[in-house]
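Descriptive analysis of the structure
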Amino acid sequence: MNAIELEHVSKHFSTFTLDDISFTVPMGAVMGLIGENGAGKSTTLRLLLGLARPDGGEIRVFGTDNPDKEHIGVVFDECCFPETLSARDVGRVLASAYKTWLPDTYAAYLRRFQLPEKKKIKDYSRGMKMKLSIAAALSHDSRLLVLDEATSGLDPVVRDEILDIFYDFMQDEQHAILMSSHITSDLERICDYITFIHQGRIRFSEEKDRLLSRFGVLRCDETTLRALDSAAVHGVRRTNVSVEALVERERVPASLTVDPVTLDEIMVFTAKEA
Amino acid sequence: MNLIISNASGQPIYDQITSQIKGLILSGELHAGDALPSMRALAKDLRISVITTKRAYEELERDGFLVSIPGKGSFVAQANLELVREENLKQIESRMQECIALAAQSGLSLNDLCEILTILYKGE
Amino acid sequence: MRALLLKDILTLRKTLITYIGFMVLYFAIGLYSDNSAFFLAFVVLMCNMLPMNALAYDERFHWDRMGLCLPVPQHNLVLSKYVLSLLGFVVSSLPLFLFYRIAAQISGQPFSEEQQVILLLTASGLILASIQLPMLFWLGTERGRFVTIAIFLLFGISVPAIVMGLGPIESALAWLMTHLWVVLLIGLALFCLSALISIAIYSRKEFN
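What counts and how
Residues numbered from 1 in each chain as written. Chains lettered and ligands numbered in written order. Predicted model: local features only at pLDDT ≥ 70, side-chain atom pairs only at ≥ 80, totals over all residues. Heavy atoms only, no water. Helix = DSSP H or I, 4+ residues; strand = E, 2+ residues; numbered from the N terminus. Rg over C-alpha atoms; globule rule 2.2 N^0.38 Å. Buried < 20%, exposed > 50% of the residue type's maximum accessible area, 1.4 Å probe, protein only. Contact = heavy atoms within 4.5 Å. Areas by Shrake-Rupley, 256 points an atom, 1.4 Å probe, with all protein chains shown as cover. Lys, Arg positive; Asp, Glu negative; His and termini not counted. Charge placed at Lys NZ, Arg CZ, Asp CG, Glu CD. Domains from an automatic or database assignment. Buried area = accessible area lost by both parts, 1.4 Å probe. Polar contact = N/O pair within 3.5 Å; in protein donor to acceptor, adjacent residues only side chain to side chain. Nonpolar A, V, L, I, M, F, W, Y, C, P; charged D, E, K, R; others polar. Patch = residues over 30% accessible without salt bridge, like charges linked within 9 Å, V, L, I, M, F, W, Y side chains within 5 Å. Salt bridge = Lys/Arg side-chain N within 4 Å of Asp/Glu carboxyl O. Axes fitted to C-alpha atoms, helices over the stretch in contact; angles between N-to-C directions. Parallel < 35°, antiparallel > 145°, perpendicular 65-115°, else oblique. Left-handed = near helix turned anticlockwise from the far one by under 90°. Pairing = 2+ DSSP bridges. Core = buried A, V, L, I, M, F, W, Y, C linked by side-chain atoms within 4.5 Å.

1. Notes on the overall build of chain A
Each helix and strand counted, chain A has eight helices and 13 strands in total. Its C-alpha radius of gyration of 21 Å places chain A within 12% of the 19 Å reference for a compact globule of 274 residues. Dimensions along the principal axes, computed over C-alpha positions, put chain A at roughly 65 × 40 × 40 Å. The proportion of buried residues among the 274 residues of chain A is 56%. Pairs at least 24 apart in sequence give 70% of the contacts found in chain A among residues at least 6 apart. When the accessible surface of chain A is totalled, it reaches about 11,500 Å², and 47% of it is carbon and sulfur. Taken together, the 33 basic and 43 acidic charged side chains of chain A have centroids lying 5 Å from each other.

2. Describing the domain arrangement of chain A
Residue and element names in this part refer to chain A. Domain assignment breaks chain A into domain 1 (2-199) and domain 2 (211-273). At the junction of the two partners, domain 1 supplies nine residues and domain 2 supplies seven residues. Together, the buried faces of domain 1 and domain 2 total about 640 Å²; carbon and sulfur atoms form 76% of this surface. Taken together, domain 1 and domain 2 are joined by zero residue pairs in polar contact (both at pLDDT 80 or more). Among the elements that line the side of domain 1 that touches domain 2, the one with the most residues is strand β8 (residues 193-198), at three residues. Along the lines of polarity and charge, the residues of the side of domain 1 that touches domain 2 split into three nonpolar, four polar and two charged.

3. Remarks on a nonpolar patch on the surface
All names here are of chain C. Together, L86, V90, L94, L98, I102, I106, L185 and L188 make up a nonpolar patch on the protein surface, roughly 750 Å² of accessible area in all. When contributions to the nonpolar patch are tallied by element, the ones reaching two or more residues are α5 (74-107) and α8 (180-203). Ranked by residue count, the leading element in the nonpolar patch is α5, at six residues. Within the fold, V90 resides in helix α5.

4. Describing the packing of helix α2 (residues 13-33) of chain C against α5(C)
Residues and elements named next belong to chain C. At a minimum axis distance of 13 Å, the contact between α2 and α5 shows a crossing angle of 20 degrees. The orientation of α2 relative to α5 falls into the category roughly parallel. When the axes of α2 and α5 are compared, the crossing they make is right-handed. The residues of α5 that touch α2, namely those facing M23, F27 and L31, are S92, L96, F99 and Y100. The residue inventory of the contact of α2 with α5, partitioned by class, reads six nonpolar, one polar and no charged.

5. Notes on the pairing of strand β3 (residues 73-76) of chain B
Where a strand is regular, its side chains alternate between the two sheet faces. Residues and elements named next belong to chain B. Taken together, the two bridges between strand β1 (residues 35-36) and β3 define a ladder with antiparallel strand orientation. Each bridged residue has a counterpart across the sheet, and for A35 the counterpart in β3 is F75. Where strand β2 (residues 66-69) lies against β3, four bridges are found, and the strand directions are antiparallel. Across the sheet, I69 pairs through a bridge with G73, a residue of β3. The hairpin turn running from β2 into β3, its antiparallel successor, is three residues long, and G71 in that turn takes a positive phi close to 85 degrees.

6. Let's talk about the arrangement of the chains
With two pairs of chains in contact, the largest contact count belongs to chains A and C. Chain B shows no contact with chain C. Their nearest C-alpha atoms sit 28 Å apart.

7. Observations concerning the interface of chain A and chain C
In this complex, chain A contributes 27 residues to the contact, which on the side of chain C involves 23 residues. Summing both sides of the interface, chain A and chain C together bury roughly 2,600 Å²; the carbon and sulfur share of this comes to 61%. When the area that chain A buries against chain C is broken down by residue, the three leading residues are L51(A), R53(A) and C80(A), summing to 22%. Where chain A touches chain C, the interface holds four salt bridges. With its nearest N and O atoms 2.7 Å apart, the salt bridge here joins D89(A) to R13(C). Contributions of two or more residues to the side of chain A that touches chain C are made by α1 (41-49) and α2 (87-97) of chain A.

8. What about the nonpolar core?
Counting residues in hydrophobic clusters, the biggest one holds 140 residues, and the most contacted among them are L48(A), F81(A), L132(A), L144(A), F166(A), I177(A) and L178(A). In terms of domain composition, this core takes at least three residues from each of domain 1 (2-199) and domain 2 (211-273) of chain A. For I177(A), the residues in contact, after removing those within four places along its chain, are V25(A), A29(A), V30(A), M31(A), L144(A), L145(A), L147(A), F166(A), F169(A) and M170(A). Grouped together as the second largest cluster of nonpolar side chains are 17 residues, I17(B), L30(B), L36(B) and V76(B) included.

9. Digging into the pattern of salt bridges
Residue and element names in this part refer to chain A. Tallied over the full model, the rule gives 34 salt bridges over all chains. With a shortest N-O distance of 3.8 Å, R92 and D89 are connected by a salt bridge. Note that R92 and D89 are positioned in helix α2 at a spacing of three residues, about one turn of the helix. Taken together, the salt bridges that share partners define one network made up of R219, R237, E244, D259 and E265.

10. Examining the sheet that holds strand β1 (residues 2-12) of chain A
All names here are of chain A. Read from one edge of the open sheet, three strands run β2-β1-β4, paired in antiparallel fashion. Unpaired on one side and paired on the other, β2 (17-26) and β4 (56-61) mark the two borders of the sheet. Shown here is a sheet whose adjacent strand axes are inclined to one another by a mean of 15 degrees, direction ignored. With five bridges connecting them, β1 and β4 associate as antiparallel partners. In the sheet register, I4 faces β4, and the bridge partner there is V61. Across the sheet, α1 is in contact with β1, β2 and β4; its angle to β1 comes to roughly 115 degrees.

11. Some details on the domain arrangement of chain B
All names here are of chain B. For chain B, the assigned domains are domain 1 (13-76) and domain 2 (81-122). A straight line from the C-alpha centre of domain 1 to that of domain 2 covers 29 Å. Listed per partner, the contact involves five residues of domain 1 and five residues of domain 2. Counting each side, the surface lost to burial between domain 1 and domain 2 is near 410 Å², with a carbon and sulfur contribution of 69%. Per-residue buried area on domain 1 facing domain 2 is highest for K22, L26 and F65; these three make up 78% of the total on that side. Where domain 1 packs against domain 2, one counts zero salt bridges. Where domain 1 touches domain 2, the interface holds zero residue pairs in polar contact (both at pLDDT 80 or more). Split by residue class, the side of domain 1 that touches domain 2 holds two nonpolar, one polar and two charged.

In structure tokens form, the structure reads like this:
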């Protein structure tokens, strides 16, 4: 079964259009939604979570357009609990909201993240707020975790802790994660699939490994670049002294040295091309 | 079990896993019947995606090095000597290819190469 | 629903304590000076401030996003604010009404002026809330508050003017003053209607 299915989803705003967004997140998989700020990642997630209505297309979670929210854990870029509450208050509120609330799990996460129970959220650091949101999202019977820019602005140590939590969560094949980010970080290590949104459209959506092995960075001169099959080149970055191009490995002569590419580089090059 | 994954090598990660596990089996470090970590646990330990470990395990299974029992996990297959020999032969060939290329660069003849090999094989 | 109310009450904990402090103070002043109108006006104001404060906190911390992701029906996010408001009225007006009712009973009076004032103010408080809440849901707490104030200023000027001009309405009002239960019922009916309107407004909203 698929955790998430989006089919030809569109949404029009006065200054921005999200156009024909389709992708699938299978159960047991982790999808990374990447793209620069304002590319449409957050809008896509809002549509998915029912915070906004699409103008067209279909959205299904757990195979239905009206999924049981008991099983969806959501973490937003900002902590969405009133900051006059404490972690203990949040626990009390959510315990009466979720039938599947697990008080012991929540308490264990608070201990693991070293979050003081009685301190008001407004006195937490950004990292602590994010950890609280994650603790809350994982302390009911979540089978799908949706994270919107949740990890940007966190230091590497915290990101590593969170990555561990995600791996633990994904030990169950019936779980799935969809996370959006405008910075590709060490967290993308866990991603099985990557969907790249640019200016409201999907540029590609495929297996991360395949993506990284399909593309490479060619560092060369203008003449070499011009000699290449134009279909092989997906973006060029020129400086006074060098030319770098994002190329499809299979479409360039084997004699050229093509360096491995990172997701960041794919994002930068592709954004330049358009 | 010890696996070392490098992101800089350019060799696909699933390929690094398969070749290293094969190596461990061939060197006798892993024995028939030994349980391997689950795909999801291995992904966590190596901090890579599940799809990558899945691909590696599927490849190892296809090549007869692993047996996967649904609900139980993956185990090192009963040693197939023929298979082991074949795999070793493949590796020897590929390394010899490298030697030949190097020899050609340095202007060494086949006789020179054979001589070096003989000396090395006899352990001086 | 319980979760949403609990969230509002925990969020407003400090505000509530301050309000209760003021209430006790005004009540004491009212008892000594034998004039509780000031106190009652405060209660009505407070009960209207409660949902507005709760909504302001929700807005500031983007609670709606979180609320809509909880396994609670969407209309409960709206209704909880009405229940909060109603709770405020019940908790503050009812004991007071009973207090004066008993006091009147003891002194042998069937219906004291205080009880009348309580009914009138509770009813007008409900009407105020009925107009204010849809505005807050529609326009947000910042603009919604101003529009509500504008509406009341308009009413404050125009209604007395109309009443002065038209005799029959004056007599109708006089009748209402002697049948304050009807005013209270009208207030409650408007309150329910207002809730339905707010739910409709909220279901059309989209969140960033």
